[in-house]
Amino acid sequence: MTLLEIERLSKRFSSGSRDVAALNDVSLSLAPAETLGLVGASGSGKSTLARILMRLIPADGGAIRFEGEDWLSLSGADLRRRRARIQMVFQDVLGAFNPRATVGSVLDDPLRIHNIVPKADRRREIAALLDRVGLPADYADRSIRDVSGGQRQRIAIARAIATQPSLIVLDEAVSALDVSIRGKILELLVELQRERGIAYLFVSHDLSVLRAVSHRIAVMDAGRLVETGAAGRVIENPHSAAAHALIAAVPRLVTGIPQGPSHDL
Ligand SMILES: Nc1ncnc2c1ncn2[C@@H]1O[C@H](COP(=O)(O)OP(=O)(O)OP(=O)(O)O)[C@@H](O)[C@H]1O
Ligand SMILES: [Mg+2]
């Protein structure tokens, strides 16, 4: 079964004399509960793909099927309703929030907007979400600026799972964290996937991270998808020049992170 099918997606950016093919005929698919690692040099188009998938920017061409629907033609109330099914975590999402916002309000937003639980149950649901990501319930009353970077990413994950998505897009979600904290966050993500069957599109420039969590890895180079394969195969026996170059740039794979994805597909 396919959860997500991206077909021949393209996107150009033009400003003045500069014209960039950020995405050039990119096709890929994702199964339920699968992690697809997306790697590529800076500027290769990874975040552009993520932003189109989140419906933050339009595509120029191509199609996306998600949960059986023509994802790019959804609009209005249909889009608002279905949006809950794809969530995103990026590098310090919560840094973009008002620093005075409380952790509780950050988690209350998606519950309210998508009407996940009745108002009377929201406080309890927020406590359950915090507990699930390993934080005490009284964190709900803290302001966002009073939590550490690792805790902030836990809260961002809690916010993402609040709407019971089938897909979470992670764009450099652990890149800013210390290695030991990064390992713990990856473990949490792997557990959540096992528990809830969530698929991840995991964007990272860090191959050791991708190896730890991905079932498959897709490699981008200058707007094109140049290689896709089982994670171990791509890392041990890369076919494309772009994958070769990325692997050659890693002195050795970092330890202290879980080995391999949570389950076979
Ligand atoms: N809003 C924009 N306006 C103009 N050009 C853009 C815009 N967004 C992205 N680009 C260009 O599109 C290309 C792809 O950018 P994108 O952010 O998708 O790369 P990336 O793979 O995520 O890179 P990084 O690893 O640095 O995050 C780059 O050349 C970038 O400069
Ligand atoms: Mg990016």
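Quick look at the structure, then. What you are looking at is a predicted structure, and each value in this text was computed from that prediction instead of being measured. (Residues numbered from 1 in each chain as written. Chains lettered and ligands numbered in written order. Predicted model: local features only at pLDDT ≥ 70, side-chain atom pairs only at ≥ 80, totals over all residues. Heavy atoms only, no water.)

### Let's talk about the sheet that holds strand β5 (residues 69-70)
Here's step 1: With respect to topology, four strands assemble into an open sheet ordered β2-β1-β4-β5, the strand pairing being antiparallel. Every other strand in the sheet has two partners, leaving β2 (18-30) and β5 as the edge strands with one partner each.
Here's step 2: Pairing analysis gives two bridges linking strand β4 (residues 61-66) to β5, with the strands arranged antiparallel. By the bridge assignment for β5, R65 is matched with D70.
Here's step 3: Helix-sheet contacts for helix α1 (residues 46-53) involve β1 (4-15), β2 and β4, and the interaxial angle to β1 is about 115°. (Pairing = 2+ DSSP bridges. Helix = DSSP H or I, 4+ residues; strand = E, 2+ residues; numbered from the N terminus. Contact = heavy atoms within 4.5 Å. Axes fitted to C-alpha atoms, helices over the stretch in contact; angles between N-to-C directions.)

### Regarding the nonpolar core
Here's step 1: Formed by 52 residues in total, the largest nonpolar core has its most connected members in V89, F202 and I217.
Here's step 2: Setting aside chain neighbours within four positions, we find V89 in contact with Q153, A156, I157, A160, I168, V169, L170, D171 and A173.
Here's step 3: Within the second largest apolar cluster, 30 residues are counted, among which are L28, I52, L167 and V203. (Core = buried A, V, L, I, M, F, W, Y, C linked by side-chain atoms within 4.5 Å. Buried < 20%, exposed > 50% of the residue type's maximum accessible area, 1.4 Å probe, protein only.)

### With respect to the packing of aromatic side chains
Here's step 1: By the definition in use, this model includes one aromatic pair.
Here's step 2: Summarising the aromatic geometry, the rings of F66 and W71 are spaced 4.9 Å apart at their centres and angled 70° between planes, so their arrangement reads as edge-to-face. Each member of the pair, F66 as well as W71, is classed as buried.
Here's step 3: Positioned above the aromatic ring of Y139, the side-chain terminus of R142 is 4.0 Å from the ring centre. (Phe/Tyr/Trp six-rings, centres within 6.5 Å; stacked < 30°, edge-to-face > 60°. Lys NZ or Arg CZ within 6 Å of the ring centre and 35° of its normal.)

### As for the environment of S204
Here's step 1: Within the secondary structure layout, S204 lies in the loop between β8 (199-203) and α7 (207-213).
Here's step 2: A residue is classified by how much of its surface remains accessible, and S204, at 1% relative accessible area, is buried.
Here's step 3: Distance in space between the C-alpha atoms of S204 and E187 is 16 Å, their sequence separation being 17 residues.
Here's step 4: Within the structure, S204 has its side chain in polar contact with the backbone nitrogen of D206 (distance 2.9 Å). (Polar contact = N/O pair within 3.5 Å; in protein donor to acceptor, adjacent residues only side chain to side chain.)

### A look at the packing of helix α3 (residues 103-113) against helix α5 (residues 149-161)
Here's step 1: Across the interface, α3 lies against α5 with an axial gap of 8 Å and an inter-helix angle of 25°. By the criterion of interaxial angle, the relationship of α3 to α5 is roughly parallel. Here α3 runs over α5; the crossing is right-handed. Seen from α3, the contacting residues are V103, V106, L107, D109 and P110; seen from α5, they are I155, A158 and R159.
Here's step 2: Looking at the contact of α3 with α5 residue by residue, the classes come out as six nonpolar, no polar and two charged. (Parallel < 35°, antiparallel > 145°, perpendicular 65-115°, else oblique. Left-handed = near helix turned anticlockwise from the far one by under 90°. Nonpolar A, V, L, I, M, F, W, Y, C, P; charged D, E, K, R; others polar.)

### Let's talk about helix α4 (residues 122-132)
Side chains that are three or four residues apart share a direction in an α-helix, a result of its 3.6 residues per turn.
Here's step 1: Looking at α4, one finds that the buried residues are R122, I126, L129, L130 and R132. Along the axis of α4, the buried positions cluster into a sector of 160°, meaning they face one direction only. Facing away from the buried side of α4, by more than 90 degrees, are the exposed residues R123, R124 and D131.
Here's step 2: The inward-facing, buried residues of α4 abut α3, α5 and α6 (179-196).
Here's step 3: Of the residues flanking the end of α4, it is G134, one or two places downstream, whose phi is positive at about 85°. (Arc of directions from axis to C-beta.)

### Concerning the side chain of S240
Here's step 1: For S240, the location among the structural elements is in the loop between α8 (231-236) and α9 (241-248).
Here's step 2: Residues in contact with S240, not counting those within four places in the same chain, are V219, V226 and E227.

### Brief notes about the environment of S105
Here's step 1: Structurally, S105 is set in helix α3.
Here's step 2: On a C-alpha basis, the gap between S105 and E69 in space is 31 Å, while along the polypeptide they are 36 residues apart.

### Quick word on the side chain of K11
Here's step 1: Note on placement: K11 falls in strand β1.
Here's step 2: Ignoring anything within four residues of it in the chain, the contact list for K11 reads V20, A21, A22, L23, T48, I52, I57, P58, A59 and D60.

### Considerations on the site of ligand 1
Here's step 1: Lining the immediate environment of ligand 1, one finds 13 residues, of which S42, G43, K46, S47 and T48 sit closest.
Here's step 2: At 3.2 Å from an oxygen atom of ligand 1 is found a main-chain nitrogen or oxygen belonging to S44.
Here's step 3: Taking K46, its side chain carries an N or O atom lying 2.7 Å from an oxygen atom of ligand 1.
Here's step 4: Contact with the protein chains covers 67% of the free accessible surface of ligand 1, which is 640 Å².
Here's step 5: Elements supplying a minimum of two residues to the shell around ligand 1: β2 and α1.
Here's step 6: Sorting elements by how many residues they give to the shell around ligand 1 places α1 first, with four residues.
Here's step 7: A breakdown of the residues in the shell around ligand 1 according to their chemical character gives four nonpolar, six polar and three charged. (Near = heavy atom within 4 Å. Areas by Shrake-Rupley, 256 points an atom, 1.4 Å probe, with all protein chains shown as cover.)

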